[in-house]
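Examination of the molecular architecture
Here's the letter readout for the chains.
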Amino acid sequence: MPSKVEGWKDEVYGEEVREHLFEFAEKGWEAIPEDEHDAWFERFKWWGLYHQRNGQESYFMMRIGTPNGVLEPGQLKIVGEIADEYARGPVDNPEFGGAYCDWTTRQSIQLHWIRIEDVPDIFEKLEANGLSTIQACGDSWRNIVGCPVAGKDKHEHVDAWPIAEELHEEFKGNEAYENMPRKWKVSVTGCDEGCGQGDINDLAFEPAEKEIDGEETMGFNVRVGGGLSRKEPRFARDIDVFCTPEDAPKVSAGMSALFRDHGDRDDRFNARIKFLVDEWGTEKIRETLQEEYIDYELPTAGEDLREDYTYNAGRQDEHGDHIGVHEQPDGNYYVGLDVLVGRMGAEDTLELAALADEYGSGEVRLTQRQNVIVTDVPEDDLDAFLDEPLLEEYSPDPHPFMRGSIACTGTEFCSLSIVETKNRQVRYARWLKDNVALPDGIEDFHVHLSGCTASCAQPQIADISLRGMKTRKDGEPVEAFDIGLGGGLGEDPHFADWIAMRVAADEVPGYIQNVLAAYEAESADEESFREFIAARGPVHAQHEDDVVPLRRRGRYGRPADARPRRRHPDLGRRLIREHLRVRSDRRRYGVG
Amino acid sequence: MPIDVHQLDDGAWISVDDTREVNVGDLWWLARQDCCPCEMADFLAEGFVEVGVDPPAIEARIAGQCIACGASGVTSWLAVGRVIDGEFHAVAPESVHVPRRRTRLAGPE
Ligand code: HEM
Ligand code: SF4
Ligand SMILES: [Zn+2]
């Protein structure tokens, strides 16, 4: 039997939700019949509005989808103005003040505390400036992601930005694809570094080459069925299809129609295409795509560039995260700025927009690491730009822990969350910066914190993964985290191995400190954290009692007189386990 | 009057007569349960997978994890509250609950 949500969607969904939304806006919040709240809230998601958690009645989160994270000149200012005017709640956030923007892990923008009465004005302002909230949430084509410097980077194989734009035009507001069984996330990348994060999307186009009719053709290989949610993470799987840039819309249409028609509409927990790929296997997916949805013969996969991927690849020669100053092919520069946990106050947003105008072309881009990039800065203006006071807060050269911290929305606004997220991650990052050493040369260290298993902060692809949990301390429930190590993307992507479960939130920083002490002390020259973890073998522990207690150390906050243990012949492995010593010496670290 | 119950926001809520009543994130004490070997599971609710009505009880199957032993699973049917005179009264998660195998069909969803 189709789920209740499917029933609501059958009645009203897609584009037409807008009329109703505007009608409610005009009459006011009270006009939404109470016994229809659930149905309407579900439908509003299609237009980017997500009702906030209990106790925040009548307030919505609003998501603006910016394809490939590109904000054209002038657009950031509009976003800042909207945040300033409309995204103010009844209470200030102690870290971020009254009005702010969240740059998200899928290169979108999230505003909070939006009232339905303001929606028409906000839409008018957004749309007059080429922005929209269309399909930013709900069961349809979500924001298209890709390499955030597409068209501006020297590492490019194919310029994927026009294709992302084309897909955005084609599939946003397209009736045939407006009602999918579940969300549909697409990544298009042409750069040879792997920064599109295609591996964790439902549909991924990644750069490849193939000889077609005797000619070397640049295009994409197609992968399907990636995603991180529900403790069921999957990397997208290769379906052995090559696609020219011209055919990308056809293949996209075919794949999304296949999901539309064959995805599970009875059980939303089983609805993502990753589960269909599990069930069918890649051959049947390809066969069905070819036979039912594509009117030309699909070429088999071309030669990919995965071997060269450096983005979040756990290698020493990481291209990294676009933070810092980088030359563009046209001789100008792009400057990536670190935004801790992706949240920026409205005033700062407006200031950033002004700086982008003054020094660059006015364009600003959002990355999948919750950061921002100012593009098109001429060499002569670089120094002056880098001297701007705003860049002290949003640094092009941040400390590795500030740079690598990502956090999801969490209990502040999200009903699914088990724990506080963004503000906590801010406290963690500051504490780690002040208290924990990293080996020389490590510039970028990824700690991703998600409030629940939905994994919006992409915890499984971080050096250190934190996933919200609960535990008991002295009998009382407290917020806690499952901790994973050694995840990342690259040629051979790897999900973090969960090694410690339900560590109380106030013990997490010390825990990380101990892991990194082992890394600092024992890693070989130039060994990345991911390599270090992989070389020592992942340590799986369903819970702490499975883990053997380990040698203690004096240097990093542990009792110096602790009895050294010599139970494990493999020193490295033992050291990794060392931080799992979480019994009698559990202690607070002043942050939690 | 029939009671309308469903799960919302992908399992974050149980909604009863269109009011969000039961949220994920609580710890439930479960006895005689089959999710894990513990005599009493200390069960963190992470998502409501199925909901149903057995008047006056509102019932659900909860996906989650026992924080005592670490096992993940989905519970059998649990009463999460009752509707009396049209008003929902939630049970206290921290008191002891006994899930049961359900014999009749659940409500929609
Ligand atoms: C109020 C509830 C929620 C909030 C505030 C929220 C917030 C976010 C944000 C900010 C992002 C990145 C932005 C983007 O998609 O453009 C995101 C991504 C994501 N969301 Fe959520 N989300 C919510 C509910 C959910 C639910 C219910 C699920 C799944 C059951 C989910 C799964 C994900 C996943 C897996 C990602 C990103 C990782 C990927 O690309 O696979 N979220 N979410
Ligand atoms: S990971 Fe969970 S808590 Fe965080 S925003 Fe996503 S759904 Fe909410
Ligand atoms: Zn148990």
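Computed from a prediction, not measured in an experiment: that's the story for all the values here.

**Digging into the overall build of chain B**
- From N to C terminus, chain B includes zero helices and 10 strands.
- For a compact globule of 109 residues, the expected C-alpha radius of gyration is about 13 Å, and chain B comes in at 13 Å, within 12% of that figure.
- Seen along its three principal axes, the alpha-carbon backbone of chain B occupies a region of about 40 × 25 × 25 Å.
- Buried positions account for 53% of the 109 residues belonging to chain B.

**Comments concerning the overall build of chain A**
- Across its full length, chain A carries 17 helices and 21 strands.
- Here the C-alpha radius of gyration of chain A, 24 Å, is about what a compact globule of 592 residues would show, namely 25 Å.
- Structurally, chain A occupies a C-alpha span of about 70 × 65 × 60 Å along its principal axes.
- Per-residue burial over chain A gives 66% buried out of 592 residues.
- Within chain A, contacts between residues at least 6 apart in sequence are counted, and of these 71% link residues at least 24 apart.
- Total accessible area computed for chain A in this model is approximately 21,500 Å², and 42% of it derives from carbon and sulfur atoms.
- Charged side chains of chain A number 69 positive and 119 negative; the gap between the two group centres comes to 11 Å.

**Here we look at the pairing of strand β6 (residues 57-66) of chain B**
All names here are of chain B.
- Burial runs high along β6: eight of the 10 residues are buried.
- Two elements, strand β5 (residues 40-54) and β6, share 10 bridges in a ladder whose sense is antiparallel. Counterpart to Val51 in the pairing with β6 is Ala60.
- Counted along the chain from β5 to the antiparallel partner β6, the turn is two residues long.
- Of the pairings in the sheet, the one linking β6 to strand β8 (residues 78-84) comprises four bridges and is antiparallel in character. The partner of Ala60 across the bridge, within β8, is Leu78.
- Pairing geometry for β6 and strand β7 (residues 72-74), over three bridges, is antiparallel. Within β7, the position partnered with Gln65 by the bridge is Ser72.
- Counting the residues in the hairpin turn of β6 and β7 gives five residues, including Gly70, whose phi is positive at 95°.

**Here we look at the coordination of the iron atom of ligand 1**
- On the protein, A:Cys456 (SG) is the one donor atom to the iron atom of ligand 1, at 2.3 Å.
- If you trace the backbone, A:Cys456 turns up in the loop between β18 (447-450) and β19 (464-473).

**Some details on the coordination of the zinc ion (ligand 3)**
Residue and element names in this part refer to chain B.
- At this site the zinc ion (ligand 3) is bound by Cys36 (SG), Cys38 (SG), Cys66 (SG) and Cys69 (SG), with donor distances of 2.3 to 2.4 Å.
- Between the four donor atoms coordinating the zinc ion (ligand 3), the angles at the centre fall across 106 to 113°, so the site counts as tetrahedral.
- Positions of the donor residues of the zinc ion (ligand 3) along the chain correspond to the pattern C-x1-C-x27-C-x2-C. Residue Cys36 is found in the loop between β4 (27-31) and β5, and its partner Cys69 is found in the loop between β6 and β7; the two are separated by 33 residues along the sequence.

**Some details on the packing of helix α8 (residues 273-280) of chain A against helix α9 (residues 282-293) of chain A**
Residues and elements named next belong to chain A.
- Packing of α8 against α9 leaves a shortest axis separation of 6 Å and a crossing angle of 105°. Between α8 and α9, the crossing angle belongs to the class labelled roughly perpendicular. For the pair α8 and α9, the contacting residues are Leu276, Val277 and Trp280 in the first and Thr282, Lys284, Ile285 and Thr288 in the second.
- Looking at the contact of α8 with α9, its residues break down into four nonpolar, two polar and one charged.

**Digging into the packing of aromatic side chains**
Residues and elements named next belong to chain A.
- For the structure shown, the criterion picks out 27 aromatic pairs over all chains.
- Look at Trp47 and Phe123: their rings are 5.7 Å apart centre to centre, the planes differ by 40°, and that puts the pair in the tilted class. Here Phe123 lies in helix α5 (residues 119-128) and Trp47 lies in the loop between α3 (37-44) and β1 (49-51), a separation of 76 residues in the sequence. For the pair shown, Trp47 and Phe123 are each scored as buried.
- Aromatic side chains Tyr428 and Phe481 sit 6.3 Å apart centroid to centroid with 65° between the ring planes, which places their arrangement in the edge-to-face category. Linking Tyr428 in helix α14 (residues 422-435) with Phe481 in strand β20 (residues 476-485), this pair joins segments that are 53 residues apart in sequence.
- Its relative accessible area of 1% is what places Tyr428 among the buried residues.
- The rings of Phe24, Trp29, Trp40, Phe41, Phe44 and Phe60 are connected pair by pair, giving a single aromatic cluster.
- When the ring centre of Trp47 is taken as reference, the NZ or CZ atom of Arg18 above it lies at 4.9 Å.

About the cut-offs
- Residue positions are given per chain, counted from 1 along the sequence in the order it is written.
- Chain letters start at A and ligand numbers start at 1, both assigned in the order the entries are written.
- At least 70 in pLDDT is required for a residue's local features to be given in this predicted model, at least 80 for side-chain atom pairs to be given and counted, and no such filter applies to totals for whole chains, interfaces and linings, which use all residues.
- Calculated side-chain values reflect all of the structure's heavy atoms, with hydrogen atoms and water omitted.
- Where helices and strands are cited, they refer to DSSP runs of H or I of at least four residues and of E of at least two residues respectively, numbered from the N terminus.
- With the radius of gyration taken over C-alpha atoms, the globule rule is written as 2.2 Å times the number of residues to the power 0.38.
- Remark: exposure states derive from per-residue accessible area (1.4 Å probe, protein chains only) relative to the maximum for the residue type, with buried under 20%, exposed over 50%, and partly exposed in between.
- For this analysis, residues touch if any pair of their heavy atoms sits within 4.5 Å.
- Only the protein chains shown count as covering a residue, and every accessible area follows the Shrake-Rupley method with a 1.4 Å probe.
- Counting rule for charge: Lys and Arg are taken as positive, Asp and Glu as negative, and neither His nor the chain ends is counted.
- Taken as the charge centre is NZ of Lys, CZ of Arg, CG of Asp or CD of Glu, depending on the residue.
- Note on pairing: DSSP must find at least two bridges between two strands before they are called paired.
- For Na, K and Ca the donor cut-off is 3.2 Å, while for other metals it is 2.8 Å, and in both cases only N, O and S atoms qualify; water is not among them, so sites may look incomplete.
- Here a site with four donors is tetrahedral if all angles are between 85 and 135 degrees, and a site with four or six donors is square planar or octahedral if opposite donors are over 155 degrees apart and the other angles are between 65 and 115; anything else gets the irregular label.
- Every axis corresponds to a line fitted to the C-alpha atoms, with the helix fit spanning only the stretch in contact, and the corresponding angles, defined between N-to-C directions, vary from 0 to 180 degrees.
- Angle categories are assigned with fixed cut-offs, so that under 35 degrees is roughly parallel, over 145 is roughly antiparallel, 65 to 115 is roughly perpendicular, and the rest are oblique.
- The residue classification treats Ala, Val, Leu, Ile, Met, Phe, Trp, Tyr, Cys and Pro as nonpolar and Asp, Glu, Lys and Arg as charged. All others, Gly included, are polar.
- Classification of ring pairs uses Phe, Tyr and Trp, with its six-membered ring standing for Trp, and accepts pairs whose centres are within 6.5 Å; under 30 degrees between planes counts as stacked, over 60 as edge-to-face, and the remaining range as tilted.
- The rule is short: NZ of Lys or CZ of Arg within 6 Å of the ring centre and within 35 degrees of the ring normal puts a charge over the ring.

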